[in-house]
Amino acid sequence: MMHSASNLSCHFSRRCAVWVGALAMMGVALVGTQSMAQTTAQTTAQTFPANALRVVVPFPPAGGTDVLTRLITQTMAEQQGWTFVIENRPGAGGNLGLEQLAKAKPDGLTLGMGQTSNLAINPSLYKRMPYDALSDFVPIALVASQPLVVVVSEKSPHRTLASLVAAARSQPGSLNMASAGTGTVGHLAGALFAARAGIRWTHVPYKGAAPALTDVMGGQVDVNFATPSGAMPLIRSGKLRALAVTSLQRLYALPDTPTVAESGYKGFVAEDWKAMMAPAGTPPAVVQKLNAAINAALAKGEVRGRLALDGSQALGGSPRALAQFIKDEHVRWAQAVRESGASAE
């Protein structure tokens, strides 16, 4: 059957008109869908939080992570009018708490205070991890960092780091080093220092900083690389003695305590940082709202002053900056784990 040129042109014109119409309808539908998604995200952010926020602390009460979390959430509650419920879930160097966070509903109502140990050290320390530190969480904000304080009981015969090292050298393995748990910064810093000083001591892991410090005070263990926030009250009360700090500069709160570097170990640095995290899939608009609230809390002079007195530095920043920071810390602490020879299994 033959078709004239005019008939073909008319035929194709009708088909083109149908295609153009269909494409136009698809475009309208896509724009409508995107608009609806944007509206939903904006509404979610505006109404967030509809309920109390649960914050998982992967260490026991009264430890450095717990004290910092309560300070920040209390300030956020005062500034934003939000309600927070703190849940302490200690164990496995902070892994148990973050495992719970990774499995939580990603609605922004369940958060967790991650730190150097369970986000940067443990992936290299443990052969099996219950979560992927880089993909199972959404970074919200870097909260604070602090060095460690090498502490002994006030009844200890050691008044300097040199004295402690000399005792460890004279009787290898006779001294016990407490930590807040296997894989914590205190554990790894102690292992790194022992390797650097050429000594050997016995690692005694606890389920958190508070019980570890209790046994240091009682003399059941000899030394602890403790966070300042947990150790400072005990140092001020005379129950613990500070021998050194693991920062390059002396702490504002401990001006008379030398650094490990000043004590003969040039360049030695070990710092613990804390970061608020959420489960992967948490809406970006909610993440931004949480980030803004945390940065506002950290900007408060009273909070910064309190952190300084506890030997910490307020940080803050964007979720994107925190994501890159955690990746960089993975690399740095993986090397530290290899050099120290530490292992959790």
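Computed from a predicted structure; not experimentally measured. (Residues numbered from 1 in each chain as written. Predicted model: local features only at pLDDT ≥ 70, side-chain atom pairs only at ≥ 80, totals over all residues. Heavy atoms only, no water.)

**Q** So what exactly am I meant to see when it comes to the environment of V56 here?
**A** Following the sequence through the fold, V56 ends up in strand β1 (residues 53-57). Looking at V56, the relative accessible area reads 0%, which means it is buried. Contact partners of V56, with chain neighbours within four places excluded, come to E87, R89, G97, Q100, T110, L111, G112 and M113. (Helix = DSSP H or I, 4+ residues; strand = E, 2+ residues; numbered from the N terminus. Buried < 20%, exposed > 50% of the residue type's maximum accessible area, 1.4 Å probe, protein only. Contact = heavy atoms within 4.5 Å.)

**Q** What exactly am I supposed to notice about the pattern of salt bridges here?
**A** Opposite charge on two side chains lets them pair, provided their charged atoms get close. Summed over the entire model, instances satisfying the criterion amount to 10 salt bridges. Salt-bridge contacts for E87 lead to R54; the nearest nitrogen and oxygen are separated by 3.1 Å. Taken as a pair, E87 in strand β2 (residues 84-88) and R54 in strand β1 lie far apart in primary sequence, 33 residues in all. The partly exposed category is assigned to R54, whose relative accessible area is 23%. The partner of R332 in a salt bridge is E329, and the shortest N-O contact between them spans 3.1 Å. Pair noted here: R332 and E329 are both in helix α11 (residues 319-340), with a separation of 3 residues, about one helical turn. We classify R332 as partly exposed; its relative accessible area is 40%. (Salt bridge = Lys/Arg side-chain N within 4 Å of Asp/Glu carboxyl O.)

**Q** What is the right way to look at the pairing of β1 in this model?
**A** For a regular strand, the rule is simple: side chains alternate between the two faces of the sheet. Burial runs high along β1: 4 of the 5 residues are buried. Alignment of β1 against β2, held across 5 bridges, turns out to be parallel. Counted as the bridge partner of R54 is V85 from β2. Where the polypeptide runs from β1 across helix α2 (residues 64-80) and back to β2, its parallel neighbour, the crossover connection is right-handed. Relative to strand β3 (residues 110-115), β1 runs parallel, the two being bridged by 3 bridges. Bridged to V56 within β3 is G112. (Pairing = 2+ DSSP bridges. Right-handed = clockwise from strand over helix to strand, strands pointing away.)

**Q** What should I look at first to understand the environment of V260 in this one?
**A** Inspection of the secondary structure assignment puts V260 in the loop between β9 (240-245) and β10 (271-279). Of the residues examined, V260 reaches a relative accessible area of 0% and is grouped as buried. Sequence spacing of V260 and S247 is 13 residues, and the spatial spacing of their C-alpha atoms is 7.6 Å. The residues touching V260, leaving out its near neighbours within four places in the chain, are V150, L161, F193, A244, V245, T246, Y265 and F268.

**Q** Explain the sheet that holds β1 to me, please; I cannot follow it from the model alone.
**A** Taken in spatial order, the 6 strands of this open sheet run β2-β1-β3-β10-β4-β11, and their pairing is mixed. Across the chains shown, the open sheet's two edge strands, defined by having one partner strand only, are β2 and β11 (313-314). In terms of strand pairing, strand β4 (residues 137-147) meets β11 through 2 bridges, oriented antiparallel. Across the sheet, A144 pairs through a bridge with A314, a residue of β11.

**Q** Is there a simple way to explain the sheet that holds strand β5 (residues 149-153) in this structure?
**A** Adjacent strands of a sheet form backbone hydrogen bonds with each other and so pair up, either parallel or antiparallel. Ordered by their spatial adjacency, 5 strands build an open sheet running β7-β6-β8-β5-β9, and the pairing between neighbours is mixed. On the outer flanks of this sheet lie β7 (202-205) and β9, each paired with one strand and no other. For this sheet the average axis-to-axis angle between neighbouring strands, irrespective of direction, equals 30°. The pairing of β5 with strand β8 (residues 223-226) spans 3 bridges and is classified as antiparallel. Within the sheet, the bridge partner assigned to V151 lies in β8 and is N224. (Axes fitted to C-alpha atoms, helices over the stretch in contact; angles between N-to-C directions.)

This is a description of form; function is not addressed.
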